[in-house]
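Structural features, examined
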Amino acid sequence: QFTNNTRALALAAEGYHVLLPNPRGSIGRGLAFARAVLGDCGGEDLQDLLAGVDALVERRIVDTNRVGITGVSYGGFMSAWAVTQTRRFAASIPLSCVSNQLSHYYSANIRRFDEMWIGASPRENPAAFLARSPVQFIDGTTTPTLLISGDGDHITPPGQAIEMYQALVEVGCPAELVIYPREGHYVLEWDHQHDFFARFLGWFDRWLRGR
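One structure accompanies this document, and this report is about it. For every chain, the first residue of the written sequence is number 1, and numbering continues from 1 along that sequence. In view of the model being predicted, local features appear only for residues whose pLDDT reaches at least 70, and side-chain atom pairs are presented and counted only at 80 or more, with totals across whole chains, interfaces and linings using the full set of residues. Heavy atoms from the whole structure form the basis of all side-chain values; hydrogens and water molecules are not counted.

Regarding the sheet that holds strand 4 (residues 175-180)
- Strand order in the open sheet made by the four strands is 1-2-3-4, with parallel pairing throughout. Each edge of the open sheet carries a strand with a single partner, namely strand 1 (68-72) and strand 4. Adjacent strand axes in the sheet meet at a mean angle of 10° when their direction is disregarded.
- In this analysis, strands are considered paired if DSSP registers two or more bridges between them. By the criteria applied, helices consist of DSSP H or I runs no shorter than four residues and strands consist of E runs no shorter than two, each listed in order from the N terminus. Looking at chain direction, strand 2 (residues 91-95) and strand 3 (residues 145-150) are connected through two bridges and run parallel. The residue bridging Ser92 from the neighbouring strand is Thr145, located in strand 3.
- Residue contacts are defined here by distance: any two heavy atoms, one from each residue, within 4.5 Å place the two residues in contact. A fitted line through C-alpha atoms serves as each axis, taken over the contacting stretch for helices, and the angle formed by two N-to-C directions is quoted from 0 to 180°. Together, strand 1, strand 2 and strand 3 form the strand contacts of helix 4 (residues 74-85), whose direction differs from that of strand 1 by roughly 145°.

Written out as structure tokens, the structure reads:
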């Protein structure tokens, strides 16, 4: 499935070093740490991710030119957001992502969460939603990106992956889009899982091993 552990194990089995960070907004370090992302999605939490990468590079564990990023749901947003904010990543695979906070608010079933992440509703502050939307910062993006979604996902509807894909293509960035039929927020059908992992590993092999 899309679970972090399953994908991490698949990558490790292929010889990749895998970082599973615990950035601000995550659990395990108290409420203040968990709430730090509210109103700042893609802000300090992205800096936490980059600090983790820097630590691995400094220890010569990884090659700074061959670092990929992937995540599902909020991690999908971060994987889409990161490539528009930095060129640190040589490949990205956003899973069930959010690429346009404004259209996501009006098409998904988690409006309250969007208001929490952004710190307002679109009626109160539409500019804040656009300010944390990857598609608004697509110019100059060069990171090859594979977008995965399910056509029945109501949490992060497939339109989000479609928007990101079309924006990437428009600026000439290498991109692929896969939308699995009958799937929701996660890939569950066996044939789809088999196809997913082949694409997932193949994308990183293509853009990370070959550099």
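As for the pattern of salt bridges
- Each reported salt bridge corresponds to a side-chain nitrogen of Lys or Arg within 4 Å of a carboxyl oxygen of Asp or Glu. All chains considered together, the criterion is met by 10 salt bridges.
- Residues Arg209 and Asp205 are paired through a salt bridge, measuring 2.8 Å at the closest nitrogen-oxygen approach. Of this pair, Arg209 and Asp205 both sit in helix 9 (residues 190-209), four residues apart, which is roughly one turn of the helix.

Observations regarding the pairing of strand 2
- Residue exposure (1.4 Å probe, protein chains only): buried if accessible area is under 20% of the type maximum, exposed if over 50%, otherwise partly exposed. Among the five residues in strand 2, five count as buried, and that is most of the element.
- The side-chain alternation of strand 2 yields two buried faces, one formed by Ala91, Ile93 and Leu95 and the other by Ser92 and Pro94.
- Where strand 1 lies against strand 2, five bridges are found, and the strand directions are parallel. Paired with Ile69 across the two strands is Ser92, which belongs to strand 2.

Things to note about the environment of Val57
- Tracing the chain through its elements places Val57 in helix 3 (residues 44-58).
- For the pair Val57 and Val67, spaced 10 residues apart in the sequence, the C-alpha separation amounts to 9.6 Å.

Regarding the packing of aromatic side chains
- Classification of ring pairs uses Phe, Tyr and Trp, with its six-membered ring standing for Trp, and accepts pairs whose centres are within 6.5 Å; under 30 degrees between planes counts as stacked, over 60 as edge-to-face, and the remaining range as tilted. Counting across every chain of the model gives 13 aromatic pairs.
- Residues Trp203 and Trp207 carry aromatic rings whose centres are separated by 5.9 Å and whose planes lie at 55° to one another, so their mutual orientation is tilted. Residue Trp203 and its partner Trp207 are located together in helix 9, separated by four residues, close to a single helical turn.
- Trp203 sits in the buried class, given a relative accessible area of 4%.
- Taking relative accessible area as the criterion, Trp207 reaches 19% and is therefore assigned buried.
- Ring pairs connect the aromatic residues Tyr74, Phe77, Trp81, Phe113, Trp117 and Phe137, which therefore count as one cluster.
- Any Lys NZ or Arg CZ found within 6 Å of a ring centre and within 35 degrees of that ring's normal is scored as a charge over the ring. Here Arg29 stacks its cationic end above the ring of Phe33, 4.7 Å away from the centre of that ring.
- Sitting above the plane of the Tyr16 ring, Arg209 keeps its charged end 4.5 Å from the centroid.

Fair warning: the whole summary comes from geometry, so function is off the table for now.
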